[in-house]
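A closer look at the structure
Single-letter residue listing:
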Amino acid sequence: MHHRRSGLLFRRTVRWVLALVVLGVVAALAVPGQAAADTDIGTPVRQVDETAGPLGPADRDVLHKVKQAGLWEMPVGTWASERAESPRLREVGRLIAAEHHELDGLVEAAAAELGVELPVEPTAQQQDWMDEIAAQPRATFDERAVFLLRQAHGGVLPVLAQVRAATENAVVREFTAEAMTFVQRHIEYLESTGLVDYAALPDPAALGSDDWLSHTMTFVVQAALAALITALLLVAGRAVADRARRRAPIPRAPVRGHHARS
């Protein structure tokens, strides 16, 4: 009876541990990561040039980011060229608007070659920035426009660099290299106005860390899976040891007393 109970307990334990492992694997697959972000940026409609190389989610994402940057920075550059009190900012605004128009042509061409659908309006945050700049009185227009433009350019530059360093697609490599020259130049334009509040800009360590939660959840799930597998191995090892112990012959004690003498 004891043997049957221990065997039943072993089988139940193994089933529970295996069920937990399966749940852990499902949770790991459900963690939002790079593949999940793919639904937000669309999928390629067609791949005209198959020799360009694989087109990943990050490649399409960078095309989207550059397109959306132009959708709000071009009009803001035009506003600056017309409303700014600073003569230098009026010139910078004109340059940014004109060069973003050129950059917009480059991203449209790359997207057409790769079959990527591009957004047609800025993000909600970019629209908020536009509304904020448009609502500024003349006394604060220059500083706020420069700050938001400089902050946005500083955020997209590391994204371009990361994609350029890792992409396997030749079209994206060429595009990101060109786009970085535009963004770097615009940063220099804005800084030449003398209106950039460097202390208020985001910490460089925080740039490109939007997916920190995804990485954290992935680590937690992987750690949980490792713990479950370890528990399974321990339970299995203990069960094997118990079975081996039960099957081992029990040594008989030496017989003493009257029967031993006879």
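Small disclaimer: the values here were computed from a predicted structure and weren't measured.

Below, the discussion takes up helix 7 (residues 170-191). Residue pairs spaced three or four apart in an α-helix point in one direction, given the helix's 3.6 residues per turn. For helix 7, with 22 residues, the first-to-last C-alpha span of 32 Å sits near the 32 Å given by 1.5 Å per residue. For helix 7, the N-terminal cap is N169; the gap from its side-chain oxygen to the backbone nitrogen of V171 is 3.0 Å.

With that settled, consider empty space enclosed by the protein. Counting across every chain of the model gives one cavity of 30 Å³ or more. A volume near 60 Å³ is recorded for the largest cavity. As for the largest cavity, its lining consists of V66, A69, E73, H100, L103, H153, V156, L160, V183 and H186. Those elements that place two or more of their residues in the lining of the largest cavity are helix 3 (57-83), helix 4 (87-114), helix 6 (138-166) and helix 7. For the lining of the largest cavity, the per-class residue count stands at six nonpolar, three polar and one charged.

Taken as a whole, this structure holds one aromatic pair when the rule is applied. For the pair W72 and W129, a centre-to-centre distance of 5.1 Å together with 50° between the ring planes defines the contact as tilted. Taken together, the residues W72 in helix 3 and W129 in helix 5 (residues 124-134) connect sequence positions 57 residues apart. Among the residues examined, W129 registers a relative accessible area of 14% and is labelled buried. One cation-aromatic arrangement involves R185 over F182; the distance from NZ or CZ to the ring centre is 5.1 Å.

Further remarks concern the side chain of D59. One can find D59 in helix 3. Despite being buried, D59 has no salt bridge partner; R60 is the closest side chain of opposite charge, sitting 6.7 Å away. Within the local environment of D59, its side chain forms a polar contact with the backbone nitrogen of G56, the two atoms lying 2.9 Å apart. Reaching out from D59, the side chain makes a polar contact with the side chain of T167 at a distance of 2.7 Å. Discounting chain neighbours no more than four positions away, the residues touching D59 are P54, V163, T167, N169 and V172.

Turning to the side chain of Q68, a few remarks are in order. Position of Q68 relative to the elements: it lies in helix 3. Exposure remark for Q68: the relative accessible area of 16% places this residue in the buried category. When neighbours within four sequence positions are excluded, Q68 is seen to be in contact with P119, E121, P122, T123 and Q126.

All right, on to the pattern of salt bridges then. Between side chains of opposite charge, a pair can form as their charged atoms come close. Per the stated rule, a full pass over the model turns up eight salt bridges. The salt bridge partner of R138 is E85, with a shortest N-O separation of 3.5 Å. Of this pair, R138 sits in helix 6 while E85 is found in the loop between helix 3 and helix 4, placing the two residues 53 residues apart along the sequence. Its relative accessible area of 48% is what places R138 among the partly exposed residues. Close ionic contact of E91 with R94 constitutes a salt bridge, the shortest N to O distance being 2.6 Å. Pair noted here: E91 and R94 are both in helix 4, with a separation of three residues, about one helical turn. Linked through salt bridges whose partners overlap, the residues forming this network are K67, D104 and E108.

Moving on to the packing of helix 3 against helix 7. Helix 7 packs onto helix 3 with a crossing angle of 35° between their chain directions and a minimal axis gap of 11 Å. Like other packed secondary-structure pairs, helix 3 and helix 7 cross with a definite hand, here left-handed. Mapping the contact onto sequence places D59, V62, L63 and V66 in helix 3 and V172, F175 and T176 in helix 7. Within the contact of helix 3 with helix 7, the residues separate by chemical class into five nonpolar, one polar and one charged.

As a further point, take the packing of helix 3 against helix 5. Packed helices, taken two at a time, are described by the angle their axes make and the gap between the axes. Packing of helix 3 against helix 5 brings their axes to within 10 Å, and their N-to-C directions diverge by 10°. The orientation of helix 3 relative to helix 5 falls into the category roughly parallel. Across from Q68, A69, L71, W72, P75, V76, W79 and R83 in helix 3, the residues of helix 5 making contact are Q126, W129, M130, I133 and A134. When grouped by side-chain class, the residues that make up the contact of helix 3 with helix 5 number 10 nonpolar, two polar and one charged.

What counts, and at which threshold
- Residues numbered from 1 in each chain as written.
- Predicted model: local features only at pLDDT ≥ 70, side-chain atom pairs only at ≥ 80, totals over all residues.
- Heavy atoms only, no water.
- Helix = DSSP H or I, 4+ residues; strand = E, 2+ residues; numbered from the N terminus.
- Expected span 1.5 Å × (residues − 1).
- Polar contact = N/O pair within 3.5 Å; in protein donor to acceptor, adjacent residues only side chain to side chain.
- 1 Å grid on protein atoms, 1.4 Å probe; cavity = no way out; pocket = protein on both sides within 12 Å on 5 of 7 lines; lining within 4 Å.
- Points joined across faces, edges and corners; volume = space filled by probe spheres on them.
- Nonpolar A, V, L, I, M, F, W, Y, C, P; charged D, E, K, R; others polar.
- Phe/Tyr/Trp six-rings, centres within 6.5 Å; stacked < 30°, edge-to-face > 60°.
- Buried < 20%, exposed > 50% of the residue type's maximum accessible area, 1.4 Å probe, protein only.
- Lys NZ or Arg CZ within 6 Å of the ring centre and 35° of its normal.
- Lys, Arg positive; Asp, Glu negative; His and termini not counted.
- Salt bridge = Lys/Arg side-chain N within 4 Å of Asp/Glu carboxyl O.
- Contact = heavy atoms within 4.5 Å.
- Axes fitted to C-alpha atoms, helices over the stretch in contact; angles between N-to-C directions.
- Left-handed = near helix turned anticlockwise from the far one by under 90°.
- Parallel < 35°, antiparallel > 145°, perpendicular 65-115°, else oblique.

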